[in-house]
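Next come the chains, spelled out residue by residue.
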Amino acid sequence: MDSRDSQELVSYPLPQSSSSYMYKSHPSGSVAMVGGLLPPKMNCARAFNLFCLYGNIEKIKFMKSIQGTALIEMGDEYAVERAITHLNNLKVFGTRLNVCVSKQRSVVPSQVFELEDGTTSYKDFSMSKNNRFTSAGQASKNIIQPPSCVLHFYNVPLSVNEETFQKIGRA
């Protein structure tokens, strides 16, 4: 896979000002409702990887009644606002995401079912060591930026070469 192929995986529009920042009001909830999550390719773990860049993830639940839609409870309302700013209208696996603030105040594990890939439709990430905003010091080191086709990979062993990365990309 080269950079020309990556356009099919992720593409995003130019950054737009989010409504709460434009009007200097406060975001209204810590739960995001996300539509456009392509069912065979998206699950709780993949949604976590996409959204954890903008704040801590508490819980994720895919909705049985609306295929390809999930509720994502984040650590605070500002994390939801950052996710909306950077991920709304993002094209992932050929489908545009629709990210908005949910009317739900929290994600409750009801109607848990099996997703197409065999994983569960609900997962609690509140104790995940992969949450990146667990302390003020850790949060201050995070760089919030929109998605791109650049992979940043740190602490690579000296024995790893470009061919190894190409094999990983094809897997």
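Up top you'll find the structure we're talking about.
Below or above, wherever it landed, is the structure these notes cover. (Residues numbered from 1 in each chain as written. Predicted model: local features only at pLDDT ≥ 70, side-chain atom pairs only at ≥ 80, totals over all residues. Heavy atoms only, no water.)

**Here's the deal with the sheet that holds strand β8 (residues 122-124)**
The strand order across the open sheet built from five strands is β7-β2-β4-β3-β8, with neighbouring strands paired in antiparallel fashion. A single partner strand is all that each edge strand has here, and the edge strands are β7 (98-101) and β8. Strand-to-strand twist in this sheet, taken as the mean axis angle between neighbours without regard to direction, amounts to 15 degrees. Where strand β3 (residues 57-62) lies against β8, three bridges are found, and the strand directions are antiparallel. Pairing of Lys61 across the sheet is with Tyr122, part of β8. Taken strand by strand, helix α2 (residues 44-51) contacts β2 (31-35), β3, β4 (70-74), β7 and β8, and its axis lies near 135 degrees from that of β3. Across the face of the sheet, helix α3 (residues 77-87) comes into contact with β2, β4 and β7 while running at roughly 155 degrees to β7. (Pairing = 2+ DSSP bridges. Helix = DSSP H or I, 4+ residues; strand = E, 2+ residues; numbered from the N terminus. Axes fitted to C-alpha atoms, helices over the stretch in contact; angles between N-to-C directions. Contact = heavy atoms within 4.5 Å.)

**Focus: the environment of Ile144**
When you line up the elements, Ile144 lands in the loop between α4 (136-140) and α5 (162-170). In this structure Ile144 comes out as partly exposed when scored by relative accessible area, which is 31%. Along the backbone, Ile144 and His86 are 58 residues apart, and their C-alpha atoms lie at a distance of 9.0 Å. In contact with Ile144, not counting residues within four places along its chain, are Leu53, Tyr54, Arg82, His86 and Phe133. (Buried < 20%, exposed > 50% of the residue type's maximum accessible area, 1.4 Å probe, protein only.)

**Overview of α2**
Note on helix geometry: an α-helix contains 3.6 residues per turn, so any two residues three or four positions apart are oriented the same way. Listing the buried residues of α2 in full gives Cys44, Ala47, Phe48, Leu50 and Phe51. On an axial view of α2, the arc spanned by its buried residues comes to 165 degrees, and they lie on one face. At the N-terminal end of α2, a side-chain oxygen is found 3.1 Å from the backbone nitrogen of Ala45, two or three residues along, and the residue is Asn43. (Arc of directions from axis to C-beta. Polar contact = N/O pair within 3.5 Å; in protein donor to acceptor, adjacent residues only side chain to side chain.)

**Concerning the environment of Ser148**
Mapping Ser148 onto the fold places it in the loop between α4 and α5. Overall, Ser148 belongs to the partly exposed group, its relative accessible area being 38%. Among the polar contacts made by the side chain of Ser148, one reaches the main-chain amide nitrogen of Val150 at a distance of 3.3 Å.

**Focus: the pairing of β3**
Within a regular beta strand, the side chains point alternately toward one face of the sheet and then the other, so they alternate between its two faces. Where β3 meets β4, five bridges bridge the pair, whose relative direction is antiparallel. Among the inter-strand pairings, Lys61 is bridged to a residue of β4, identified as Leu71.

**Quick look at unusual backbone geometry**
Phi is positive for Asn89, which is not a glycine, with a value near 70 degrees. As for its position among the elements, Asn89 is in the loop between α3 and β5 (91-92). Residue Asn89 is classed as partly exposed on the basis of its relative accessible area, which comes to 30%. One non-glycine residue with positive phi stands out, namely Gln111, at about 50 degrees. What makes Gln111 exposed here is its relative accessible area of 61%.

**Considering a nonpolar patch on the surface**
Judged by side-chain polarity, Leu151, Phe153, Phe165 and Ile168 come together as a nonpolar surface patch covering roughly 440 Å² of accessible area. Secondary-structure assignment places Phe153 in the loop between α4 and α5. Residue class for Phe153 comes out exposed when judged on its relative accessible area of 51%. (Patch = residues over 30% accessible without salt bridge, like charges linked within 9 Å, V, L, I, M, F, W, Y side chains within 5 Å. Areas by Shrake-Rupley, 256 points an atom, 1.4 Å probe, with all protein chains shown as cover. Salt bridge = Lys/Arg side-chain N within 4 Å of Asp/Glu carboxyl O.)

**Re the pattern of salt bridges**
Where charged atoms from two side chains of opposite charge come close, those side chains can pair. Under the criterion given, the structure shown has two salt bridges. A salt bridge links Lys59 to Glu73, with the shortest nitrogen-to-oxygen separation between them at 3.8 Å. With Lys59 in strand β3 and Glu73 in strand β4, this pair connects stretches of sequence that are 14 residues apart. On the basis of relative accessibility, which here comes to 21%, the residue Lys59 falls in the partly exposed class.

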